[in-house]
Structure formats: structure tokens, C-alpha cells
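Now for the letters of each chain:
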Amino acid sequence: MVTPPVVLTVAGTDSGGGAGIAADLATFAALGVHGTCVVAAVTAQDTTAVHAVHAVPFDVVAAQLDAVIADLPPVVVKTGMLATADVARLVARWCAGSPSRQLVVDPVLRATTGAALADDDLVRAYAAVLLPVATVVTPNAAEARALLALAADDPTPSRELAGLLAAQLAGPAVVLTGGPLGAPAASSSTCIDWLTRPGDEPVAIEHPAVATPNDHGTGCTHASALAAFLAHGHDVATAAARAAAYVSGQLVASRGWQLGSGRGPIAHTTDPNTILPRTTIPSTEETA
Ligand SMILES: Nc1ncnc2c1ncn2[C@@H]1O[C@H](COP(=O)(O)OP(=O)(O)O)[C@@H](O)[C@H]1O
Ligand SMILES: Cc1ncc(COP(=O)(O)O)c(N)n1
């Protein structure tokens, strides 16, 4: 019997179950790591919009982190929606004092459905304290532009954005993801994530683009898969390539789903065949 490695997600909840903690823990379970979680924010969210956001009080976030690291020290930490700059500083402090762990930062700034999920203070805290202690940073193009203090409509291509961000951070690897916000890649047959480190030429991670309305949670799933593959001992390049391929597979699995009226969730189980067909669920008469 093999004990799974422990991975921690520090993120927000999505009541619609598409993104955030739900996507992270499901991805961890699917990829054979034990998932622990620190909830930094609660969102009222569905496939169409983010309706409300509540940042969890700082002492409650800190208490969750203390509980996990005392009893279940993670080998990899993954961050998603952090909600406040204080939480970014808290995670950065702990990670800086625990150099054996790896840190995957998905700098969540905005939901696919449009709502802002971070304020200017948090953007500054990412750039100043959290990203410099990361192993890998996984922004999409819009997030990279914000972290580089470029205008939202800055035309710098994704490949160059990845290089600029890696140079600014001077440490972590950057995987600039190529989802819908990084278009036009998603409209072609392949989707490209750009992997680079300071001073290195960016390397294209190409994987099949999937035309689907069900892409809510792709960024969370990708960063969580990357964290899980790191926890299994893969290097960053391998983990990033496997995470990208994993996302494509999960998008194929959920392509025909009709969940909600907006951007439906990416599939969170590895094998869609594990979802029972309707006919196998006993009726209430049978179970009575
Ligand atoms: N339609 C798609 N087909 C294939 N891969 C996709 C698609 N949309 C996103 N991805 C992949 O999902 C991962 C997360 O990227 P992205 O969607 O850009 O993140 P975010 O949710 O932060 O915007 C990346 O590996 C990206 O290439
Ligand atoms: C709690 C939470 N975390 C992250 C995201 C980003 O995910 P997406 O880009 O798919 O909307 C989200 N919408 N909600």
C-alpha cells in the first residue's frame, strides 16, 4: 500500500462546483495525491456569474494553515483565489520558511465569467512577495499583463509575455496558459502554454484545443494537476506538459454536458465512464 503525497490548496470556494477548492480537491483525488485545503474566500457563483464574494477572516485562514502544516505537511502547495494581500503574505512567509516544499501559484485575478476576484493590493502582493518564492507561476495572458503592470489591451504576444514575467520574477518557472483569455490559440486545433525561466527561450507546450462551452475551472484544474504531478516527483517541464494534456482530456470528457446556462464546468473525474448512466440509478419505488 502506497501512502499518497500531501498537497495543499489555498483557494476560494465556487458554489457552482466548477472552479476553486472543488476543482482542486477533485483533481488531486483523480491524480492520486491527498488533498488538503485552506479556504481563503467563499463565493456565491454559478456558471453565469459571480454573485457575491466573502473573504474568510484572516485569523480563520491562518488557523486552517496552522492545522494543516502541523499535522499533514504538504510537499506541494497550490494557490488559487486568495482574496486579500494578507493571505498572499501569509502563504509567502510560510513557504519561504519551508524551502523543501514546492509552490504552484495560479494568480487568479478574474473569473471566466468576468468578475474581478482580486484587488490592486493583492496584485502588488503577488508580484512583491508570493511569486518570488514560487516554483511555478501559471497566469493566463490577462493575468500576466496585470502582473507586469501592462495595459489590459497591450498587444505583446503570449510567448514574449511569458519571457517578460520570468525576467521580472527572476526565479520561478512561468507557464503562461493559452485558454480562452489567451486567444487566439484556443480557436485553432492546438492550444499552447508557454513554459520559460529567466534567461531561457520559451518552450511551447502544445496540446489539443477543445471547442466547448464547458471550460469553467480550467485554470484551477491545470494548476492542481501540475501540483499533483510535481508531488509525484516529475520535474516542472514534465508536470506542465502532463497537466496541459490532462486538461484537454477533461475538456473532451465534459464537451457535451449541459450543466447550467453559462460556462459549464470542466469534468473533474479522470474517467467519464465512472459516471453512472441514469438507467442504473434505482427508482424511489425500487428502493422503498
Ligand atoms: N479550449 C481549450 N482546449 C484545450 N485546452 C484548454 C482550453 N482552454 C484552456 N485550456 C488549457 O487549460 C489550462 C488552463 O488555462 P487557462 O484556461 O488559460 O487558465 P485560466 O482559467 O486561468 O484562464 C491550460 O493548459 C490551457 O492551455
Ligand atoms: C473560487 C474561484 N476560484 C477561481 C476561479 C477562476 O476560475 P475560472 O477562470 O474558470 O472562472 C473562480 N471563478 N472561482
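Looking at an unreviewed UniProt entry, one finds the chain named Bifunctional hydroxymethylpyrimidine kinase/phosphomethylpyrimidine kinase, with Nocardioides jiangxiensis as its source organism. According to UniProt, the comment filed for the chain under the heading Function (unreviewed entry) is "Catalyzes the phosphorylation of hydroxymethylpyrimidine phosphate (HMP-P) to HMP-PP, and of HMP to HMP-P." If you open the UniProt record of the chain and go to Pathway (unreviewed entry), you find "Cofactor biosynthesis; thiamine diphosphate biosynthesis; 4-amino-2-methyl-5-diphosphomethylpyrimidine from 5-amino-1-(5-phospho-D-ribosyl)imidazole: step 3/3."

## Overview of the overall build of the chain
For the chain, the count of helices and strands is 9 helices and 9 strands. Its C-alpha atoms give the chain a radius of gyration of 18 Å, near enough to 19 Å, the size a compact globule of 288 residues would have. Seen through its principal axes, the chain has C-alpha atoms that stretch 65 × 45 × 40 Å. For the chain, buried positions account for 48% of its 288 residues.

## Re helix H6 (residues 158–169)
If you check H6, its first and last C-alpha atoms are 16 Å apart, about what 12 residues at 1.5 Å a residue would give, namely 16 Å. For H6, the full list of buried residues reads Ser158, Leu161, Ala162, Leu165, Ala166 and Leu169. One side of H6 holds all its buried residues, which, seen down the axis, span an arc of 130°.

## Focus on the pattern of salt bridges
A side chain of one charge can pair with a side chain of the opposite charge if their charged atoms are brought near each other. Throughout the structure, instances matching the rule amount to 6 salt bridges. A salt bridge links Arg89 to Asp86; its shortest N-O distance comes to 2.9 Å. Of this pair, Arg89 and Asp86 both sit in helix H3 (residues 85–96), 3 residues apart, which is roughly one turn of that helix. Judged by relative accessible area, Asp86 falls into the partly exposed class, the value being 41%. With its nearest N and O atoms 2.8 Å apart, the salt bridge here joins Asp215 to Arg263. One end of the pair, Asp215, is in the loop between strand E9 (203–208) and helix H7 (218–231); the other, Arg263, is in the loop between helix H8 (236–253) and helix H9 (284–287), and 48 residues separate them in sequence. Residue Asp215 is classed as buried on the basis of its relative accessible area of 8%. Residue classification places Arg263 among the partly exposed residues on the basis of a relative accessible area of 28%.

## Let's talk about the packing of H7 against H8
Here H7 crosses H8 at 140°, and the two axes come no closer than 8 Å. One way to sum up the angle between H7 and H8 is to call them oblique. Of the two elements, H7 crosses H8, and the hand of that crossing is right-handed. Two secondary-structure elements touch here, H7 through Thr218, Thr221, His222, Ala225, Leu226, Phe229 and Leu230 and H8 through Val236, Ala239, Ala240, Arg242, Ala243, Ala244, Tyr246, Val247 and Leu251. The residue makeup of the contact of H7 with H8, split by class, is 12 nonpolar, 3 polar and 1 charged.

## Comments concerning the sheet that holds strand E2 (residues 34–45)
The sheet built from 9 strands is open, its strands ordered E3-E2-E1-E4-E5-E6-E7-E8-E9 with mixed pairing. Edge strands, defined here as strands with exactly one partner in the open sheet, are strand E3 (50–55) and E9. Running over the sheet, helix H1 (residues 20–30) touches strand E1 (6–14), E2 and strand E4 (76–79) and is turned about 150° from E1. Sheet contacts for helix H2 (residues 58–71): E1 and E2; angle to E2, the most-contacted strand, approximately 165°.

## Digging into the site of ligand 2
For ligand 2, the set of nearby residues contains 13 residues, the closest of which are Thr13, Gln45, Thr112, His216 and Gly217. Measuring from an oxygen atom of ligand 2, one finds a backbone N or O atom of Thr112 at 2.7 Å. Within the backbone of Gly217, a nitrogen or oxygen atom sits 2.6 Å from an oxygen atom of ligand 2. Partitioning the shell around ligand 2 into residue classes produces 6 nonpolar, 7 polar and no charged.

## A look at the environment of Gln250
Position of Gln250 relative to the elements: it lies in helix H8. A relative accessible area of 3% places Gln250 in the buried class. Spatially, the C-alpha atom of Gln250 lies 16 Å from that of Gly20, the residues being 230 residues apart in sequence.

## Quick look at the nonpolar core
The biggest cluster of nonpolar side chains holds 45 residues, and the ones touching the most others in it are Val10, Leu82, Tyr126 and Leu130. Per-element accounting of this core gives the leading share, 8 residues, to H3. Setting aside residues up to four positions removed in sequence, Leu130 forms contacts with Thr79, Leu82, Ala88, Val91, Ala92, Leu103, Val105 and Ala125. Counting 25 residues, the second-largest nonpolar core is a separate cluster that includes Val7, Leu226, Phe229 and Ala240.

Conventions adopted
- Residues numbered from 1 in each chain as written.
- Chains lettered and ligands numbered in written order.
- Predicted model: local features only at pLDDT ≥ 70, side-chain atom pairs only at ≥ 80, totals over all residues.
- Heavy atoms only, no water.
- UniProt positions renumbered as here; feature names shortened; annotations may be inferred.
- Helix = DSSP H or I, 4+ residues; strand = E, 2+ residues; numbered from the N terminus.
- Rg over C-alpha atoms; globule rule 2.2 N^0.38 Å.
- Buried < 20%, exposed > 50% of the residue type's maximum accessible area, 1.4 Å probe, protein only.
- Expected span 1.5 Å × (residues − 1).
- Arc of directions from axis to C-beta.
- Salt bridge = Lys/Arg side-chain N within 4 Å of Asp/Glu carboxyl O.
- Axes fitted to C-alpha atoms, helices over the stretch in contact; angles between N-to-C directions.
- Parallel < 35°, antiparallel > 145°, perpendicular 65-115°, else oblique.
- Left-handed = near helix turned anticlockwise from the far one by under 90°.
- Contact = heavy atoms within 4.5 Å.
- Nonpolar A, V, L, I, M, F, W, Y, C, P; charged D, E, K, R; others polar.
- Pairing = 2+ DSSP bridges.
- Near = heavy atom within 4 Å.
- Polar contact = N/O pair within 3.5 Å; in protein donor to acceptor, adjacent residues only side chain to side chain.
- Core = buried A, V, L, I, M, F, W, Y, C linked by side-chain atoms within 4.5 Å.

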